Amino acid sequence: MADRESLDIERAAKRVFEAKDYLRIDKKIAELAVLDDEIAKPGFWDDLTRAQDLSKNASALRDTIAEYEKAAGLLDDTKVALDLASEDDAFCDEAAHLFDKLESLLDDLEIASWFSGRFDAGDAILTVNPGSGGLEAQDWTEMLYRMFSRYAEKKGWKVRILDLIPGVGIGLDKAMIQIEGYNAYGMLRSESGVHRLVRISPTDDKKRRHTTFAGVEVSPVLPDDIEVELNDADVRVDVYRSSGPGGQSVNTTDSAVRLTHAPTGIVVTCQNEKSQTQNKEAARKVLKSKLYELAELKRQAELAELRGERMDNSFGSQIRNYVLYPYQLVKDVRSNIETGNVEAVLDGDIDDFVIGYHRWRVSQGS
């Protein structure tokens, strides 16, 4: 039988109260009112880019407020069901069901509160590059590209291919995608670093065990109002014929674009848009995002040095092992989250690793 003690309704009520505080609901309600007034003004849609940004912000605020109000409503409904259950056992299951929904929603709200960085709520650019391992590394790059694409689809996010460079023989020599969805960048920051695969090589006639690496970079899609210093004189532009999958114009025109930033050595290619101009614009946005991310990493390293801290290079350090042989195990070396269901992980079931990393990060105070 459900009762207040077994369901711990007091603790749930405390969590709802805390959620209103850490989600800053009162502030969000005020911000939404200002945005709604702005959206209602004549001529709002004259500046389409600005209008889309403001509408997106308003939608995100509205969603957060609605989720909190849903939690508060579930709390009230659970209390009513518990009161009725004290007189009629038929309401016991209803109270337990409502309580479970409330706890699950509060867990989701708590997780969402972790993503409070400047660009956490926005879209992400995810790049996978093969490491050492030749053909194996190319195959591993394609496997990771599929894993992240499937994960994004499971989350209801949109995946837009920016660049896919086929490997020699098998796999991919590079994969770059833009993942669009609420908290996409904040959540996917967990994936930056080196991913290590151990398995029997499908390309080895002697069926020997191989260890393969691939590097993953995650950058935010910068809003148009973010200024990044980029001197056109520092950027070499090369155009070439597209080689990957794409639209009708692929392989018919020299539409692919490669940008090389001389001061940093950063190279960005884009070939999946229909025209050279669109590819150049997309590549330029990616370059700006990578330059911004590089500047942030440098700033954090300088601050850490001033504080006497020792920082690891996230891209140069192994973050997760995927072992397919002689046993099956995927383990994150930071959070220690692990599972033996490797097939599900490679099919995009990585939420436990993503959430586990951020829970570990928050516990570390970072």
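Structure: above.
Position numbers for residues count from 1 along each chain, tracking the sequence in the order it is written. Whole-chain, interface and lining totals are the exception, using all residues; otherwise, since this is a predicted model, local features are given only for residues with pLDDT of at least 70 and side-chain atom pairs are given and counted only at 80 or more. Only hydrogens and water are set aside; all other atoms, that is, all heavy atoms of the structure, feed into the side-chain values.

### Observations regarding the packing of helix H2 (residues 9–22) against helix H5 (residues 92–113)
Right, so step 1: Lines are fitted to the C-alpha atoms to define the axes, a helix being fitted only along its stretch in contact, and any angle between axes, read from their N-to-C directions, falls within 0 to 180 degrees. Strands here are runs of E lasting at least two residues and helices are runs of H or I lasting at least four, both read from the DSSP assignment and numbered beginning at the N terminus. Following both chains from N to C, one finds H2 and H5 inclined at 30 degrees, their axes separated by 10 Å at the closest point. Between H2 and H5, the crossing angle belongs to the class labelled roughly parallel. The two elements H2 and H5 cross, and the hand of that crossing is left-handed. Two secondary-structure elements touch here, H2 through Ile 9, Arg 11, Ala 12, Arg 15, Val 16, Ala 19 and Tyr 22 and H5 through Phe 99, Leu 102, Glu 103, Leu 106, Asp 107, Leu 109, Glu 110 and Ser 113.
Right, so step 2: Under the grouping applied here, Gly and all other residues not named as nonpolar or charged are polar, the nonpolar ones being Ala, Val, Leu, Ile, Met, Phe, Trp, Tyr, Cys and Pro and the charged ones Asp, Glu, Lys and Arg. A breakdown of the residues in the contact of H2 with H5 according to their chemical character gives nine nonpolar, one polar and five charged. For this classification, under 35 degrees means roughly parallel, over 145 means roughly antiparallel, 65 to 115 means roughly perpendicular, and everything else is oblique. When the near helix sits turned anticlockwise from the far one by under a right angle, the crossing is termed left-handed; a clockwise turn instead gives a right-handed crossing. Here, residues are in contact when the closest pair of their heavy atoms is within 4.5 Å.

### With respect to helix H3 (residues 25–39)
Right, so step 1: Along its 15 residues, H3 runs 20 Å from first to last C-alpha, staying within 8% of the 21 Å computed at 1.5 Å per residue.
Right, so step 2: Of all the positions in H3, only Ile 25, Leu 32 and Leu 35 are classed as buried. One side of H3 holds all its buried residues, which, seen down the axis, span an arc of 80 degrees. Structural note: H3 exposes Asp 26, Val 34 and Asp 37 on the side pointing more than 90 degrees away from its buried face. Take the number of residues in a helix, subtract one, and multiply by 1.5 Å to get its expected span. Any residue under 20% of the maximum accessible area for its type is buried, any over 50% is exposed, and the rest in between are partly exposed; the area is computed with a 1.4 Å probe on protein chains only. The arc in question is the one traced by the directions running from the helix axis out to the C-beta atoms.

### Some points on unusual backbone geometry
The phi torsion of most residues other than glycine is negative, and most of the peptide bonds are trans.
Right, so step 1: Across the junction of Tyr 325 and Pro 326, the peptide omega takes the value 10 degrees, indicating a cis bond.
Right, so step 2: Along the chain, Pro 326 turns up in the loop between strand E9 (318–323) and strand E10 (329–332).
Right, so step 3: Phi is positive for Arg 24, which is not a glycine, with a value near 55 degrees.
Right, so step 4: Mapped onto the secondary structure, Arg 24 falls in the loop between H2 and H3.
Right, so step 5: Although it is not a glycine, Asn 336 adopts a positive phi angle of roughly 65 degrees.
Right, so step 6: What makes Asn 336 partly exposed here is its relative accessible area of 48%.

### Quick notes on the nonpolar core
Right, so step 1: Among buried residues, the Ala, Val, Leu, Ile, Met, Phe, Trp, Tyr and Cys ones that are joined through side-chain atoms within 4.5 Å form a nonpolar core. Of all hydrophobic cores here, the largest spans 57 residues; its most connected members are Leu 126, Leu 144 and Tyr 322.
Right, so step 2: The element that contributes the greatest number of residues to this core is helix H6 (residues 135–154), accounting for eight residues.
Right, so step 3: Those residues in contact with Leu 126 that sit more than four places away from it in its chain are Phe 148, Ala 175, Met 176, Ile 177, Ile 179, Leu 188, Val 216, Glu 217 and Val 218.
Right, so step 4: Grouped together as the second largest cluster of nonpolar side chains are 20 residues, Val 16, Ala 81, Leu 82 and Leu 105 included.

### Observations regarding a negative patch on the surface
Right, so step 1: Residues form patches when they are more than 30% accessible in relative terms and have no salt bridge. Like charges link within 9 Å. Nonpolar side chains (Val, Leu, Ile, Met, Phe, Trp, Tyr) link within 5 Å. Accessible areas in this description were obtained via Shrake-Rupley with a 1.4 Å probe; residue shielding takes into account the shown protein chains only. Basic side-chain nitrogens of Lys or Arg form a salt bridge, by our definition, when they fall within 4 Å of a carboxyl oxygen of Asp or Glu. Counting rule for charge: Lys and Arg are taken as positive, Asp and Glu as negative, and neither His nor the chain ends is counted. Where a charge lies is defined by one atom per residue type: Lys uses NZ, Arg uses CZ, Asp uses CG and Glu uses CD. On the surface, a cluster of negative charge is contributed by Asp 46, Asp 47, Asp 53, Asp 224, Asp 225 and Glu 227.
Right, so step 2: By the secondary structure assignment, Asp 46 is in the loop between H3 and helix H4 (48–85).

### Some details on the pairing of strand E7 (residues 256–261)
Right, so step 1: Within E7, five of the six residues are buried, which leaves the element mostly enclosed by the surrounding structure.
Right, so step 2: Any two strands with at least two DSSP-identified bridges between them are counted as paired. As paired elements, strand E6 (residues 235–240) and E7 share six bridges and run antiparallel to each other. In the strand pairing of E7, Tyr 240 is matched with Ala 256.
Right, so step 3: If you look at the hairpin formed by E7 and strand E8 (residues 266–270), you'll find four residues sitting between the two strands, and Gly 265 has a positive phi there, around 80 degrees.

### Notes on a nonpolar patch on the surface
Right, so step 1: Together, Val 80, Leu 84 and Phe 91 make up a nonpolar patch on the protein surface, roughly 220 Å² of accessible area in all.
Right, so step 2: Note that Leu 84 resides in helix H4.
Right, so step 3: Since its relative accessible area comes to 35%, Leu 84 is described here as partly exposed.

### Looking at the sheet that holds E6
Right, so step 1: Strand order in the open sheet formed by three strands is E6-E7-E8, with antiparallel pairing between adjacent strands. In the strand order of this sheet, the two ends are held by E6 and E8, each with one partner. If you compare each strand with its neighbour and ignore which way they point, the axes differ by 15 degrees on average.
Right, so step 2: In terms of strand pairing, E7 meets E8 through five bridges, oriented antiparallel. Paired with His 261 across the strands is Ile 266, a residue of E8.

### Some remarks on the side chain of His 261
Right, so step 1: Inspection of the secondary structure assignment puts His 261 in strand E7.
Right, so step 2: Using a relative accessible area of 6% as the deciding quantity, one classes His 261 as buried.
Right, so step 3: Pairs of N or O atoms within 3.5 Å make up the polar contacts considered here, provided that, within protein, one atom can donate a hydrogen while the other can accept it, and that residues adjacent in sequence are counted only when both atoms are side-chain atoms. Here Thr 264 takes part through its side chain, which lies 2.8 Å from a polar atom of the side chain of His 261.
Right, so step 4: Aside from chain neighbours lying at most four places away, what touches His 261 is Leu 230, Asp 234, Val 235, Ile 266, Leu 287 and Leu 291.

### Brief notes about the sheet that holds strand E11 (residues 338–339)
Right, so step 1: Spatially, eight strands are ordered E2-E3-E1-E5-E4-E9-E10-E11 in an open sheet, and the strand pairing comes out mixed. Taken across any chain shown, the strands that pair with only one partner, and hence form the sheet edges, are strand E2 (158–166) and E11.
Right, so step 2: Direction of pairing for E9 relative to E10: antiparallel, over a ladder of four bridges. If you follow Tyr 322 over to E10, its bridge partner there is Val 330.
Right, so step 3: The sheet strands contacting helix H10 (residues 351–363) are E9, E10 and E11, and the helix crosses E10 at an angle near 20 degrees.

### Observations concerning the pattern of salt bridges
Two side chains bearing opposite charge may form a pair once their charged atoms approach each other closely.
Right, so step 1: One pass over the structure, following the stated rule, counts 26 salt bridges.
Right, so step 2: Notably, a salt bridge pairs Arg 146 with Asp 347, separated by 3.0 Å at the nearest N-O pair. Of this pair, Arg 146 sits in helix H6 while Asp 347 sits in the loop between helix H9 (342–346) and H10, and the two are 201 residues apart along the sequence.
Right, so step 3: Note on Asp 347: relative accessible area 25%, which makes it partly exposed.
Right, so step 4: Here the salt bridges share partners, and the residues they tie into one network are Arg 11, Arg 15, Glu 103, Asp 107 and Glu 110.

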